[in-house]
Amino acid sequence: MAAQDPVAGFSGQEFARMIADSPTLTVCLRGLHDQREQHLAQALADVTAAQPDDITVQTAAALLGTVHRVLFHRIQTLSLAGHPNDQIAHTVAAEATQAFDLLEPALADYASA
């Protein structure tokens, strides 16, 4: 959040509008989120010596991927509403803490070194 990285969703109002108004680009964005989740599942499988299609690996990757997707969407929504990046970063950082806190009971000890 502090870096306000475009990859995290800080792309500006015009770019966010272009994505939101294009069904094709929206589908492409979803595909990128899905690819990130698949790569995360592979990384978790590597760390835990499980198979990438293991239900625990898939579930952990999906939970983490969903939170990322929700936060990305939140950044885009606030960008479209015209909020400045500094305000968005502050708001979404607090919301990210809340979202990841929800996952902590389930994933706190999963794949830890």
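The structure this text deals with has already been given above.
Described in the following lines is the structure provided in the data block. For every chain, the first residue of its written sequence is number 1, and the numbers climb from 1 along that sequence. pLDDT decides what is reported in this predicted model: residues at 70 or higher carry local features, side-chain atom pairs at 80 or more are listed and counted, and totals for whole chains, interfaces and linings draw on all residues regardless. In computing side-chain values, all of the structure's heavy atoms are included and hydrogens and water are not.

1. Points about the environment of Thr-26
Within the secondary structure, Thr-26 is located in helix 2 (residues 23–48). Separated by 75 residues in sequence, Thr-26 and Asp-101 place their C-alpha atoms 28 Å apart. Contacts are residue-level and defined by heavy atoms, with any inter-residue pair within 4.5 Å sufficient. Contact partners of Thr-26, with chain neighbours within four places excluded, come to Ile-19 and Ala-20. Strands here mean DSSP runs of E at least two residues long; helices mean DSSP runs of H or I at least four residues long; both are numbered from the N terminus.

2. Brief notes about the side chain of Ser-79
If you trace the backbone, Ser-79 turns up in helix 3 (residues 55–80). Three labels apply to residues, based on accessible area from a 1.4 Å probe with only protein chains included: buried if under 20% of the type maximum, exposed if over 50%, partly exposed otherwise in between. Overall, Ser-79 belongs to the buried group, its relative accessible area being 3%.

3. Some words on helix 3
With 26 residues, helix 3 should cover 38 Å at 1.5 Å per step; its first-to-last C-alpha distance of 36 Å lies within 8% of that length. All buried positions along helix 3 are accounted for by Val-57, Ala-60, Ala-61, Gly-65, Val-67, Arg-69, Leu-71, Phe-72, Ile-75, Gln-76, Leu-78 and Ser-79. If you follow the buried residues of helix 3, they end up packed against helix 1 (13–21), helix 2 and helix 4 (85–107). Any pair of N or O atoms that falls within 3.5 Å is considered a polar contact. Within protein, one atom must be able to donate a hydrogen and the other to accept it, and sequence-neighbouring residues count only if both atoms are side-chain atoms. One side-chain oxygen of the residue at the start of helix 3 lies 2.9 Å from the amide nitrogen of Thr-56, identifying that residue as Asp-54. The span you would expect from a helix comes to 1.5 Å times its residue count less one.

4. Description of the nonpolar core
With 18 residues, the main nonpolar core has Ile-88 and Val-92 as its most contacted residues. Of all the elements in the fold, those that place two or more residues in this core are helix 2, helix 3 and helix 4. Non-local contacts of Val-92, meaning those with residues more than four positions away in its chain, are made with Met-1, Leu-71, Arg-74, Ile-75 and Leu-78. The nonpolar core is taken to be a set of buried Ala, Val, Leu, Ile, Met, Phe, Trp, Tyr and Cys residues, with the residues joined through side-chain atoms within 4.5 Å.

5. Overview of the packing of helix 2 against helix 3
Relative orientation of the contacting elements helix 2 and helix 3 amounts to 140°, with a least axis distance of 8 Å. Considering only the axes of helix 2 and helix 3, their crossing is right-handed. Contact residues: Leu-29, Arg-30, His-33, Asp-34, Arg-36, Glu-37, Leu-40, Ala-41, Leu-44, Ala-45 and Thr-48 in helix 2; Val-57, Gln-58, Ala-60, Ala-61, Ala-62, Leu-64, Gly-65, His-68, Arg-69 and Phe-72 in helix 3. Asp, Glu, Lys and Arg are counted as charged, while Ala, Val, Leu, Ile, Met, Phe, Trp, Tyr, Cys and Pro are counted as nonpolar; the rest, among them Gly, fall into the polar class. Across the contact of helix 2 with helix 3, the residue classes break down as eleven nonpolar, five polar and five charged. Fitting a line to C-alpha atoms yields each axis, with helices limited to the stretch in contact; the angle taken between N-to-C directions then spans 0 to 180 degrees. Each crossing gets its handedness from the near helix: less than a right angle anticlockwise from the far helix is left-handed, clockwise is right-handed.

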